[in-house]
Amino acid sequence: MDTVPYVDLKRFMGDWYVVANIPTFFEKDAYNPIERYKLNPDGTIATTFTFNKGSFDGPLKTFHPKGFVLDKETNALWGMQFLWPIKGDFRIIYLDDDYQTTVIGRTKRDYVWVMKRTPELTDAEFQEMKAFIESVGYDPTKLQRPPHETG
């Protein structure tokens with residue numbers, strides 16, 4: 001699975017709303033899922049993933065995996081470590097020029113995350129992202145849209 005040619009890590013840092021995904025087991029029934037990235041001085045990426053479980057008022061779940069840039073030329077291939085010593089495959093396979101929309105994939109094609117800087121995803125954008133993930137080998141019927149509260 002190809003990654004994007006290059007990621008400016010400083011521009012990539014910050015908040016990303018998970019607006020569509022093929023969820024992992026712990027992301028099922030997630031409301032307001034947000035992934036936050038912060039570049040550490042040692043080049044690793046401090047990650048905070050939060051969501052409300054089961055409803056907008058459900059309990060807040062927080063995870064702190066650590067990201068490791070594995071391809072220093074592109075910065076688009078990471079290992080994401082939830083439990084030591086296992087680093088999951090984390091590939092930036094789509095990134096728009098304005099760093100407003102990204103897609104994170106895995107070579108196993110088991111999980112995928114479509115993320116935006118805002119929680120809004122139009123139906124047209126959803127269809128475009130669905131076609132993209134299908135073009136890289138995913139089953140598009142598994143793609144879901146987690147609910148977000150919007151201002």
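Everything discussed here concerns the structure shown above.
Residues numbered from 1 in each chain as written. Predicted model: local features only at pLDDT ≥ 70, side-chain atom pairs only at ≥ 80, totals over all residues. Heavy atoms only, no water.

## Re the overall build of the protein chain
Part 1 of the reasoning: Assigned secondary structure in the protein chain consists of two helices and nine strands.
Part 2 of the reasoning: Starting at the N terminus and ending at the C terminus, the protein chain contains elements arranged as α-β-β-β-β-β-β-β-β-β-α.
Part 3 of the reasoning: A globule of 151 residues ought to have a C-alpha radius of gyration of about 15 Å, and the protein chain, at 15 Å, matches this closely.
Part 4 of the reasoning: Each principal axis of the C-alpha atoms in the protein chain carries an extent, and together these give about 40 × 35 × 30 Å.
Part 5 of the reasoning: Evaluated residue by residue, the protein chain yields a buried proportion of 46% over its 151 residues.
Part 6 of the reasoning: For the protein chain, the proportion of contacts with a sequence separation of at least 24, taken over those separated by at least 6, is 51%.
Part 7 of the reasoning: Across the protein chain, the mean location of the 19 positive side-chain charges is 7 Å away from that of the 22 negative side-chain charges. (Helix = DSSP H or I, 4+ residues; strand = E, 2+ residues; numbered from the N terminus. Rg over C-alpha atoms; globule rule 2.2 N^0.38 Å. Buried < 20%, exposed > 50% of the residue type's maximum accessible area, 1.4 Å probe, protein only. Contact = heavy atoms within 4.5 Å. Lys, Arg positive; Asp, Glu negative; His and termini not counted. Charge placed at Lys NZ, Arg CZ, Asp CG, Glu CD.)

## What about unusual backbone geometry?
Part 1 of the reasoning: Positive phi, normally seen in glycine, also occurs at asparagine 32, with a value near 55°.
Part 2 of the reasoning: Among the structural elements, asparagine 32 can be located in strand S2 (residues 30–39).
Part 3 of the reasoning: Within the chain, tyrosine 99 stands out as a residue other than glycine whose phi angle is a positive 55°.
Part 4 of the reasoning: Looking at tyrosine 99, the relative accessible area reads 8%, which means it is buried.

## Here we look at the pattern of salt bridges
Part 1 of the reasoning: Inspection of the entire model under this criterion finds five salt bridges.
Part 2 of the reasoning: Put simply, arginine 36 and aspartate 15 hold a salt bridge, and the shortest N to O gap is 3.1 Å. One end of the pair, arginine 36, is in strand S2; the other, aspartate 15, is in strand S1 (residues 14–22), with 21 residues separating them in the sequence.
Part 3 of the reasoning: Between lysine 116 and glutamate 125 there is a salt bridge, with its nearest N and O atoms 3.0 Å apart.
Part 4 of the reasoning: A residue is classified by how much of its surface remains accessible, and glutamate 125, at 27% relative accessible area, is partly exposed. (Salt bridge = Lys/Arg side-chain N within 4 Å of Asp/Glu carboxyl O.)

## Brief notes about the packing of aromatic side chains
Part 1 of the reasoning: Applying the stated criterion to the full structure yields 14 aromatic pairs.
Part 2 of the reasoning: Ring centres 6.1 Å apart and planes at 20° place the aromatic pair phenylalanine 51 and phenylalanine 63 in the stacked group. Of this pair, phenylalanine 51 sits in strand S3 (residues 45–53) while phenylalanine 63 sits in strand S4 (residues 60–63), placing them twelve residues apart in sequence.
Part 3 of the reasoning: Look at phenylalanine 63 and you get partly exposed, because its relative accessible area is 27%.
Part 4 of the reasoning: Against the face of phenylalanine 126 rests arginine 145, its NZ or CZ located 4.7 Å from the ring centre. (Phe/Tyr/Trp six-rings, centres within 6.5 Å; stacked < 30°, edge-to-face > 60°. Lys NZ or Arg CZ within 6 Å of the ring centre and 35° of its normal.)

## Concerning helix H2 (residues 123–135)
Part 1 of the reasoning: A rise of 1.5 Å per residue sets the reference length of H2, with its 13 residues, at 18 Å; its end C-alpha atoms lie 18 Å apart and thus fit the reference within 8%.
Part 2 of the reasoning: Residues Phe126, Met129, Phe132 and Ile133 constitute the buried set of H2. Buried residues of H2, viewed axially, fall in a sector of 125°; they line one side. Exposed side chains of H2 directed beyond 90 degrees from the buried face belong to Asp123, Ala124 and Ser135.
Part 3 of the reasoning: Among the residues trailing H2, glycine 137 stands out with phi positive, at a value near 105°. (Expected span 1.5 Å × (residues − 1). Arc of directions from axis to C-beta.)

## Comments concerning the side chain of aspartate 96
Part 1 of the reasoning: With respect to the helices and strands, the residue aspartate 96 is situated in the loop between strand S7 (86–95) and strand S8 (101–105).
Part 2 of the reasoning: Despite being buried, aspartate 96 has no salt bridge partner; arginine 11 is the closest side chain of opposite charge, sitting 6.9 Å away.
Part 3 of the reasoning: Within the local environment of aspartate 96, its side chain forms a polar contact with the backbone nitrogen of glutamine 100, the two atoms lying 2.7 Å apart. (Polar contact = N/O pair within 3.5 Å; in protein donor to acceptor, adjacent residues only side chain to side chain.)

In short, the description is geometric, and any link to function would need to be established separately.
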